[in-house]
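Chain and residue survey
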Amino acid sequence: MRDLLHRIERLNEIGVALSGEPDHTRLLETIVERARELTAADGGTLYLVHDDRTVTFEIVRTGSLGIALGGNTGEPIPFPALELEVDGEPNESMVVTHAVLRRETISIPDAYDARGFDFSGTRAFDRRMGYRTQSLLTVPMCDHENSVIGVLQLINAMDGERVVPFEPADQRLVESLASQAAIALSNKRLLDQQRALFEAFVRLIAQAIDEKSPYIGAHCRRVPELTMMLADAAAETPEGPLGDFSMTGNDRYALWLAGWLHDCGKITTPEHVMDKSTRLETVHDRIETVAARCAALRQEIRATAAGPIAAAEARDDHSNARALAAERDRELAELAADLAFLRAVNEGGERISDADRARVRRIAARQWTDADGASRPLLNDDETNNLLIERGTLNAEERRIIEHHVVATINMLEALPFPNHLRNVTEYAAGHHERVDGRGYPNGLTRDEMSVPARAMAIADVFEALSAADRPYKPGKPLSECLRIMRTMRDDGHVDPDLFEVFIREGVYWRYAREYLNPEQLDEVDAHALLRAQ
């Protein structure tokens, strides 16, 4: 009685352990080992049922033979799957398939004396291994819907050195264990399915953004990869400012999700803003409208000069005619140069100089005559203001719209009921446009107010944007130029200096570049120069 009470107490402890085991493989191994322990069985096998068609070996253990197959051993199980149906009929010839199909426990004192089951495979194994399979206890594992999801089979109950049949008390204990195990497996399977569903939904958002704008979909896929590279490198740093930083498995998963979701708010951003590739682009690139005005002005210049030139020729004043023609050609050449200049400015890119700003204003003030005969400036106020954008292609209002995507991201993520182990997803995702000097957006956080993973994502976001070759407003920069710009950003208080050092010193940039950058971008990098102080 004391032994039975002890085993019941042990069964309760095992149930608690099973319910708390997060790893699927370790869970299967635990089920087999604890069942062997409860019944003093020499061997144990755990099978799983797949689509009500086959039963596969998952864990095989035999203590006296030192056999440990499947699970975390790395040793494959050479036995084929068992079919639940043969030639259209239920396959009840094997004890395991019979237990599945009948949903009943089968206890056999001696396999060699049993009738009604095919033990040819068992006997072949015994001959090959010098073993003697005797007592068997085969228990189906039923989930909450009474569907058989697996089978737990124990072999050779031991009483000292003797093999004995499994006692009825053993059977009840193992049936109880199998029930608890089935619940644990079902819960784990359900959690895995929920996780897979959520991850598919996360990727679906990135795909939706990809469909919305081909210029940022790859960004959504690359940032999590680069973020994890940098965060892992930082976690492996043994000393210095990042020496105490580490990440658990849950931390890594939260950061990975945050990387995928960091731009989910862009699903609310208008396409014409997201895809604006030139300063004058709206529904179409208005530089062509400006070119049409220049063409009209070109005709106007020619028409205006034609009369005086003809009159001078008529007077045989060839010198004056040539001077008038030269002035006409000068105006036409100046107009062509101005249009070429406007096309170049329209491309955006780096900061526009004061001299170029003055030239834009001078060109804007030039007059042309429209179809109604009205005199108008060559550029209207909106076109002029867009061409005077200090850097890039977005004006102030469009930049506010773009920057709002972070607020939209935060609002979307805060609406999700993240479990406790993913509570940091929003914080990680929300910080990719913050600066360590507090001049970023949307919250103006400083370095001390941001976690290391959030700062790592900010670096990943910047580097991916600089190096990407699929942006509408620029080609992919060479690797050395990307890193020089980032060093300047480090010196200007934009990105975290400690993480930037890890990024360069540990070669994170190079591992990423080899996989994601075009070969022509992979130029020589002076890592020592990049790490020098300002």
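Residues numbered from 1 in each chain as written. Predicted model: local features only at pLDDT ≥ 70, side-chain atom pairs only at ≥ 80, totals over all residues. Heavy atoms only, no water.

Now for the side chain of Thr56. The topology assignment puts Thr56 in strand E2 (residues 54–62). In this structure the side chain of Thr56 is engaged in a polar contact, spanning 2.8 Å, whose partner is the side chain of His50. For Thr56, the residues in contact, after removing those within four places along its chain, are Leu46, Tyr47, Leu48, His50 and Ala81. (Helix = DSSP H or I, 4+ residues; strand = E, 2+ residues; numbered from the N terminus. Polar contact = N/O pair within 3.5 Å; in protein donor to acceptor, adjacent residues only side chain to side chain. Contact = heavy atoms within 4.5 Å.)

In this section: helix H15 (residues 452–467). Taking 1.5 Å as the rise per residue, H15 with 16 residues should run 22 Å; its terminal C-alpha atoms sit 23 Å apart, in good agreement. The buried count for H15 comes to 15 of 16 residues, which makes it a mostly enclosed element. (Expected span 1.5 Å × (residues − 1). Buried < 20%, exposed > 50% of the residue type's maximum accessible area, 1.4 Å probe, protein only.)

Another point: the packing of aromatic side chains. Tallied over the full model, the rule gives 11 aromatic pairs. When the centroid spacing of 6.3 Å and the interplanar angle of 80° are considered together, the rings of Phe79 and Phe125 count as edge-to-face. In this pair, Phe79 is assigned in the loop between strand E3 (67–70) and strand E4 (82–83) and Phe125 in helix H4 (residues 120–129), connecting sequence segments 46 residues apart. For Phe79, a relative accessible area of 27% puts it in the partly exposed group. Members of the aromatic cluster, each reached through a chain of ring pairs, are Phe463, Phe503, Tyr509, Tyr512 and Tyr516. One cation-aromatic arrangement involves Arg203 over Trp260; the distance from NZ or CZ to the ring centre is 5.4 Å. Of note, Arg359 hangs over the ring of Phe341, and the distance from its end group to the ring centre comes to 4.3 Å. (Phe/Tyr/Trp six-rings, centres within 6.5 Å; stacked < 30°, edge-to-face > 60°. Lys NZ or Arg CZ within 6 Å of the ring centre and 35° of its normal.)

With that out of the way, let us pick up the pattern of salt bridges. Under the criterion given, the structure shown has 35 salt bridges. Its salt-bridge partner being Asp159, residue Arg162 comes within 3.0 Å of it at the nearest N-O pair. The closest approach of N and O atoms between Lys188 and Asp192, which form a salt bridge, is 2.6 Å. With Lys188 and Asp192 both in helix H5 (residues 168–212) and four residues apart, this pair spans about one turn of that helix. A relative accessible area of 13% means that Lys188 is categorised as buried. Connected through salt bridges with shared partners, the residues Glu327, Arg330, Glu334, Asp338, Arg359, Arg362 and Arg366 form a single ionic network. (Salt bridge = Lys/Arg side-chain N within 4 Å of Asp/Glu carboxyl O.)

Let us now look at the packing of helix H9 (residues 287–314) against helix H10 (residues 318–346). The interhelical angle for the contact between H9 and H10, taken along N-to-C directions, is 175°, at an axis separation of 9 Å. The angle between H9 and H10 places the two elements in the roughly antiparallel class. Class assignment of the residues belonging to the contact of H9 with H10 gives a composition of 17 nonpolar, three polar and seven charged. (Axes fitted to C-alpha atoms, helices over the stretch in contact; angles between N-to-C directions. Parallel < 35°, antiparallel > 145°, perpendicular 65-115°, else oblique. Nonpolar A, V, L, I, M, F, W, Y, C, P; charged D, E, K, R; others polar.)

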